[in-house]
Amino acid sequence: MYSGNHWGGSFEVTGNGNGDHDSDHRRSLSGSEWDKSAIYHQQFNENTNVNNSSEFGRLDETQKSWLLGPPEKKKKKYVDLGCVVCSRKALKYSFWAFVVALLVIALPIIIVKTLPKHKSSPALPDNYTLALEKALLFFNAQKSGRLPKNNGFSWRGNSGLSDGSDIMDLKGGLVGGYYDAGDNTKFHFPMAYAMTMLSWSVIEYSQKYEAIGEYKHVRELIKWGTDYLLLTFNSSATKIDKIYCQVGGSQNGSTVPDDHNCWQRPEDMNYKRITQTCNSGPDLAGEMAAALAAASIVFRDNSAYSKKLVNGAETLFKFARDSGRRQSYSRGNLFITPYYNSSGYFDEYMWGAAWLYYATGNNTYASLATNPGMSKNSKAFYMIPDLSVLSWNNKLPAAMLLLTRLRIFLNPGYPYEDMLRMYHNTTTLTMCSYLQRFHVFNYSQGGLIMLNHGGAQNLQYVANAAFLASLYVDYLNETGVPGIYCGPFYISLNDIRGFATSQMDYILGKNPQKMSYVVGFGKKFPRSVHHRGASMPNDKKFYSCKDGFKWLDSSKRNPNNITGAMVGGPDRFDRFRDVRKNYSYTEPTIAGNAGLVAALVSLTETGGIVGVDRNTIFSAIPPLGPKSPPPPAPWKP
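**A closer look at the overall build of the protein chain**
Next, step 1: Counting secondary structure elements, the protein chain contains 22 helices and seven strands.
Next, step 2: Residue burial in the protein chain is summarised as follows: out of 637 residues, 51% are buried.
Next, step 3: If you take every contact in the protein chain between residues at least 6 apart in sequence, the share linking residues at least 24 apart comes to 73%.
Next, step 4: Element-wise, carbon and sulfur atoms account for 54% of the exposed surface of the protein chain, whose accessible area totals about 33,100 Å².

Here it is in structure tokens:
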């Protein structure tokens, strides 16, 4: 049997058929037929005496590669962290990065946190704030009635406690309020105006008052005034027939003891003080309505008092609008006409209606304020220079600015838009008229605008104009408007603000006299103010009506500084005489100081607060636009 050939091919062997094995074996053992590489390895292994390294060193590179193969790559070392496996190098770099971050970031924070904390001192108040704090104090010095213990003036005491006692049907009298100026008279017309101005400044700049710590103080001053105004008429009624319009005073040429015929401290007054009663007076009633309405917004956090003020304001405005009582409050009254004579009442109609609209949201008042008859009778669009000067007698520029505010921020549209647009345009032209380049008003060489034709008591008008200009700039800044046009000339808001700051800086000392006209501010200020209480010593002695004239005539300084009082100011040549007897230079008034306060708070930037409170004044106004339709009737199956 033959075995199978599993690989194919023949079993035939080359050679003879006898199979000469010896011959084959010898051939196979022939050196020429052996595998030389195998022989070499065999010899290499058997030769134990041969130096391995010397023999290996004689190999060339190719031979070495046969023996050693390719070089073995270095394996990376890894670290098993449980949830993550990473290389040791990456772990090392991460660790050192963390250490560096700790040193650079965490270490300084730790040091800062562990060091003792030192509170940085607050920024110093600017000059406007310092002057404002003093200007408010003047109202404390002018208070009548029973004074609080912390009134701020040791030389002032209770006074006027019998005021109003000459009116038999007036329960409680007319105790309280403010004396007007250097005399001891309580003029209700300028007093009401002063309260309106103070309230307006608080409504616009309450955050500034809070930042400088005067918010509580100014509110107390306003309430002192409005509490008194509520006594001057029947504030619980809805309709009245009279207003008590003045307490004290004097007639020209009087020889009997009275407020002008005596030089006496208010604490020593023992002469008869007559109460003036007005059965007509749309000007007085309109201004008083404005004062109470504006104050009701200031005291909106006291709902009961705010409502009382609103009710009183509406009662007064009804009296003002009564067609049978449209005669000036001062007409024919010799106790009033020489001092605070009113030249008209349509400006008070606009002024009072605007404030009542803001206080109540009643569209009736907005319609009246924008009635074309108001602007016609008040000559609002005539561009008469004197009518662009805000004062206790002329509210026209203030009323138009107040209504311009409505257009700028709420834009109520029809039916008010036409008149509001004209008020807005006229307000812009008023600002233009204040600028020296347009030569509407004269300026002194020292840079003071002459708003009363070079007459006496100019500074009160200057402060009012500065306030209106600064406030208008704040309105436009709130809406992103960069400037105005005065005819073809573009005027930036910085130029208008510059007018306001230049005038207030003049009042505070940047003038040819290098003198502040606000008592107590700066190193040089008036020392002989025309003021009864400030000019007489606080020695607890009684001085009669005529005793005090020796201090009026004295050339010595006042023994008491009436801090914060803005005096009448210099003449048109920048000259000032610090003489007590010359009231045109040295007498302060509450109307003038109210404008001063408003201008100063509008300009101060202490605490980093700028701009106005644009929304509070609109709190009572309902949403504008068409009313929502009534809900559908309930569905019935």
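**Overview of the nonpolar core**
Next, step 1: With 168 residues, the main nonpolar core has Trp 200, Trp 355 and Tyr 358 as its most contacted residues.
Next, step 2: No other element matches the 14 residues that helix α17 (residues 458-478) contributes to this core.
Next, step 3: Look past the residues within four positions of Trp 355 in its chain and what remains in contact with it is Thr 196, Trp 200, Ile 203, Ala 290, Ala 293, Ala 294, Ile 297, Leu 402 and Ile 617.

**Describing helix α12 (residues 346-360)**
Next, step 1: With 15 residues, α12 extends 21 Å from end C-alpha to end C-alpha; this agrees with the ideal 21 Å at 1.5 Å per step.
Next, step 2: Backbone geometry just after α12 places Gly 361 at a positive phi near 75°.

**A look at the packing of aromatic side chains**
Next, step 1: Summed over the entire model, instances satisfying the criterion amount to 30 aromatic pairs.
Next, step 2: Look at Phe 189 and Tyr 329: their rings are 5.0 Å apart centre to centre, the planes differ by 55°, and that puts the pair in the tilted class. You can see Phe 189 sitting in helix α7 (residues 188-211) and its partner Tyr 329 sitting in the loop between α10 (303-321) and α11 (337-340), a full 140 residues away along the chain.
Next, step 3: Tyr 329 sits in the buried class, given a relative accessible area of 4%.
Next, step 4: Members of the aromatic cluster, each reached through a chain of ring pairs, are Trp 200, Trp 351, Trp 355, Tyr 357, Tyr 358, Phe 467 and Phe 618.
Next, step 5: The ring of Trp 224 carries Lys 143 above its face, with NZ or CZ at 4.6 Å from the centroid.
Next, step 6: Its end group placed over the ring of Tyr 349, Arg 321 keeps NZ or CZ at 4.7 Å from the ring centre.

**Thoughts on the sheet that holds strand β4 (residues 243-247)**
Next, step 1: Pairing in this open sheet of three strands is antiparallel, and the strands run β3-β4-β5 from one edge to the other. Each edge of the open sheet carries a strand with a single partner, namely β3 (186-187) and β5 (275-278).

**Let's talk about the pairing of β4**
Next, step 1: For β4, a buried count of five out of five residues is recorded, marking the element as mostly surrounded by other parts of the structure.
Next, step 2: As paired strands, β3 and β4 are joined by two bridges and run antiparallel to one another. Bridge pairing in β4 places Lys 186 opposite Val 247.
Next, step 3: In this sheet, β5 lies alongside β4 in antiparallel orientation, the contact comprising four bridges. What sits directly across from Gln 246, in β5, is Gln 276.

**Some thoughts on unusual backbone geometry**
Note on backbone geometry: most residues besides glycine have negative phi, and most peptide bonds are trans.
Next, step 1: The step from Tyr 414 to Pro 415 runs through a cis peptide bond, and the omega angle for that step is 5°.
Next, step 2: Position of Pro 415 among the secondary structure elements: in the loop between α15 (396-409) and α16 (417-434).
Next, step 3: Even without being a glycine, His 453 presents a positive backbone phi close to 60°.
Next, step 4: With respect to the helices and strands, the residue His 453 is situated in the loop between α16 and α17.
Next, step 5: Owing to a relative accessible area of 64%, His 453 belongs among the exposed residues under this scheme.
Next, step 6: A positive phi angle is found at Asp 574, which is not glycine, with a value near 70°.
Next, step 7: Position of Asp 574 relative to the elements: it lies in the loop between α20 (549-552) and α21 (583-586).

**Some points on the pattern of salt bridges**
Next, step 1: Counted according to the given criterion, the structure contains 20 salt bridges.
Next, step 2: The salt bridge involving Asp 301 is made with Arg 219; its shortest N-O contact spans 3.2 Å. Taken together, the residues span a long stretch of sequence, with Asp 301 in the loop between α9 (282-298) and α10 and Arg 219 in helix α8 (residues 215-229) at a distance of 82 residues.
Next, step 3: The exposure class of Asp 301 is exposed, given its relative accessible area of 55%.

**Structural notes on the state of the cysteines**
Next, step 1: The tally for this structure, following the rule as stated, stands at three disulfides.
Next, step 2: A sulfur-sulfur distance of 1.9 Å marks the disulfide that ties Cys 432 to Cys 486. The sign of the -85° torsion about the S-S bond sets the Cys 432-Cys 486 disulfide as left-handed. Taken as a pair, Cys 432 in helix α16 and Cys 486 in strand β6 (residues 483-486) lie far apart in primary sequence, 54 residues in all.
Next, step 3: The cystine pairing of the protein chain, numbering bonded cysteines in sequence order, is 1-3, 2-6, 4-5.

**Re the packing of α16 against α17**
Next, step 1: Contact geometry of α16 with α17 gives a least axis separation of 11 Å together with a crossing angle of 125°. On the basis of the axis angle, α16 is oblique to α17. When you trace α16 past α17, the crossing you get is left-handed. Side by side, α16 and α17 meet where His 424, Thr 427, Thr 428, Met 431 and Tyr 434 of the first sit next to Ala 465, Leu 468, Ala 469 and Tyr 472 of the second.
Next, step 2: Here the residues of the contact of α16 with α17 sort into six nonpolar, three polar and no charged.

**Some words on a nonpolar patch on the surface**
Next, step 1: Side chains of Val 100, Leu 103, Val 104, Ile 105 and Ile 109 sit close together on the surface and give an oily, nonpolar patch of about 480 Å² of accessible area.
Next, step 2: As for its placement among the helices and strands, Leu 103 is situated in helix α5 (residues 88-114).

**A look at the side chain of Thr 428**
Next, step 1: Tracing the chain through its elements places Thr 428 in helix α16.
Next, step 2: Here Tyr 472 takes part through its side chain, which lies 2.7 Å from a polar atom of the side chain of Thr 428.
Next, step 3: The residues touching Thr 428, leaving out its near neighbours within four places in the chain, are Tyr 472, Ile 484 and Tyr 485.

The rules behind each value
- Residues numbered from 1 in each chain as written.
- Predicted model: local features only at pLDDT ≥ 70, side-chain atom pairs only at ≥ 80, totals over all residues.
- Heavy atoms only, no water.
- Helix = DSSP H or I, 4+ residues; strand = E, 2+ residues; numbered from the N terminus.
- Buried < 20%, exposed > 50% of the residue type's maximum accessible area, 1.4 Å probe, protein only.
- Contact = heavy atoms within 4.5 Å.
- Areas by Shrake-Rupley, 256 points an atom, 1.4 Å probe, with all protein chains shown as cover.
- Core = buried A, V, L, I, M, F, W, Y, C linked by side-chain atoms within 4.5 Å.
- Expected span 1.5 Å × (residues − 1).
- Phe/Tyr/Trp six-rings, centres within 6.5 Å; stacked < 30°, edge-to-face > 60°.
- Lys NZ or Arg CZ within 6 Å of the ring centre and 35° of its normal.
- Pairing = 2+ DSSP bridges.
- Salt bridge = Lys/Arg side-chain N within 4 Å of Asp/Glu carboxyl O.
- Disulfide = S-S within 2.5 Å.
- Axes fitted to C-alpha atoms, helices over the stretch in contact; angles between N-to-C directions.
- Parallel < 35°, antiparallel > 145°, perpendicular 65-115°, else oblique.
- Left-handed = near helix turned anticlockwise from the far one by under 90°.
- Nonpolar A, V, L, I, M, F, W, Y, C, P; charged D, E, K, R; others polar.
- Patch = residues over 30% accessible without salt bridge, like charges linked within 9 Å, V, L, I, M, F, W, Y side chains within 5 Å.
- Polar contact = N/O pair within 3.5 Å; in protein donor to acceptor, adjacent residues only side chain to side chain.

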